[in-house]
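Residue strings, one per chain:
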Amino acid sequence: MNQSSSSKLRIGVVGCGSISLAYMRNAPLFRDVVITACADLNREAAERRGGEFGLRVTDVDALITDPDIDLILNLTIPAAHYDISSRALAEGKHVFTEKPLGVNAAEGRALVEAASARGLAIGSAPDTFLGAAGRRARRLMEGGIIGKPVTGTAFMMGRGMEHWHPDPSFYYQPGAGPVLDMGPYYLTMMVNLLGPIRRVQAVATSGQEDRLITADGPKKGTTFKVGTPTSVLSLLEFACGATVTFGASWDVFRHSNHPIELHGTEGSLRLPDPDTFGGVIGLSRRGAEWEEMNTATDLYGAVNWPVVNPDRANYRMLGLADLARALVEARTPRASGQLALHVLEVMEAILKAGETGTAQAIGGSVTQPAELREDEAESLLA
């Protein structure tokens, strides 16, 4: 199934939870896509989103088989990603899914292979690396601003989920944890800037055996058992030769580490939180004071989220818009299933290295996503 240059990619959303609001709100910004229908196992959730955005509401099975839908936007819970995506591919639909691609690399690999066998496109969040900060950083790296990349650090650290989520225990079980939950943002950004990862080492631990729920709700004041590491320190070896320390923890109350810093033979680059599309980039040329570059005035960098009191940039749908254009141009989308699979393989390897204490080679690889030039980014707009 290929899109003609004169038609929009017709999208059906499966999963109408909180994340769907960002996708549906942003869809009209883009030229080549249109969301026309939605479905959810919770019919009330689908009716609510359908009413908000003027979408046709149907059930999940009917949406997946609908001949008037070109692509399924899979916004279900991670455990359902493989089932919904594989069913959509079997029906001849392109797929774009929230992260992760699957709950393990085997699922992700099966989806990528199924899409390839059917001549269909598959893409996956995160697409934050295509935002203003990611594009500015990529442009600087391509221009050799820090010289040859040598080393770096990336840290995702916080208290965890139990202070705000009313039922957070699933975040702390196998298949979840800070690496799998938040790692895609950090690792995807670094692969975008440095290329693929070839080997990892790691040490993993848990700060507490039991967690106390302090968020309001029926389970407030109760505890639950932790079933997966909550603090992981890993060493990533990139194919380009650079090595980066990546730390992911839900055992930290306060810290002063920057989300991502990259250091090369000519200088250093500091990036904002890769879970958002904009922010301030720092550049130090050969040890000079940091030069700060605010990307808020760059395309896809303006503060626009949350809706009520915006404090960050959120342009989810950007990766899907690039996928729609990729269909017309017969190329690989930048937020591709292949990229998401590589990141998933790396995350699995980190956890295995932490469990076994031995370095893990990454079996697969991926081509570094093509740089999204400013003219290309602008051409995606309606």
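Sequence order sets the numbering: in each chain, residues are counted from 1 along the sequence as written. Given that this is a predicted model, residues contribute local features only at a pLDDT of at least 70 and side-chain atom pairs are listed and counted only at 80 or more, while totals for whole chains, interfaces and linings are drawn from all residues. Excluding hydrogens and water, the side-chain values take into account all heavy atoms of the structure.

Q: Can you break down the packing of aromatic side chains residue by residue, with the values?
A: Think of a pair of aromatic rings as described by two things: how far the centres are apart, and how the planes are tilted against each other in angle. The aromatic pairing rule takes the rings of Phe, Tyr and Trp, using the six-membered ring of Trp, and pairs them if the centres are within 6.5 Å, calling planes under 30 degrees apart stacked, those over 60 edge-to-face and the rest tilted. Under the criterion given, the structure shown has eight aromatic pairs. Geometrically, the ring pair formed by Phe 277 and Tyr 315 is edge-to-face, given 6.2 Å between the ring centres and 80 degrees between the ring planes. Of this pair, Phe 277 sits in the loop between β14 (267-271) and β15 (280-285) while Tyr 315 sits in the loop between β16 (291-294) and α8 (318-329), placing them 38 residues apart in sequence. Linked through ring pairs, Phe 170, Tyr 171, Tyr 172, Phe 224 and Trp 250 together constitute an aromatic cluster. For Arg 270, the ring lying beneath its charged end belongs to Trp 290, and the centroid distance is 4.0 Å. Strands are runs of DSSP state E lasting at least two residues, helices are runs of H or I lasting at least four, and both sets are numbered from the N terminus onward. The criterion for a charge sitting over a ring is simple: Lys NZ or Arg CZ within 6 Å of the ring centre, and within 35 degrees of the ring normal.

Q: Give a description of the sheet that holds strand β4 (residues 71-74) that names residues and reports values.
A: In a beta sheet, neighbouring strands pair by backbone hydrogen bonds and run either parallel or antiparallel. The criterion for strand pairing is that DSSP finds at least two bridges linking the strands in question. The strand order across the open sheet formed by six strands is β3-β2-β1-β4-β5-β6, and the pairing between neighbours is parallel. A single partner strand is all that each edge strand has here, and the edge strands are β3 (56-57) and β6 (122-124). As paired elements, β4 and strand β5 (residues 94-97) share four bridges and run parallel to each other. Across the sheet, the residue bridging to Leu 73 is Phe 96, located in β5.

Q: Could you give me a rundown of the state of the cysteines, with the residues and numbers involved?
A: Here, two cysteine sulfur atoms that lie within 2.5 Å of each other are counted as a disulfide. In the structure shown here, the tally under the stated rule is zero disulfides. Of the cysteine sulfurs around Cys 16, a residue in no disulfide, the closest is that of Cys 38, at 4.0 Å. Buried residues are those whose accessible area, probed at 1.4 Å on protein chains only, stays under 20% of the maximum for their type, while exposed residues exceed 50% and partly exposed ones sit between those limits. With relative accessibility at 1%, the residue Cys 16 sits in the buried group.

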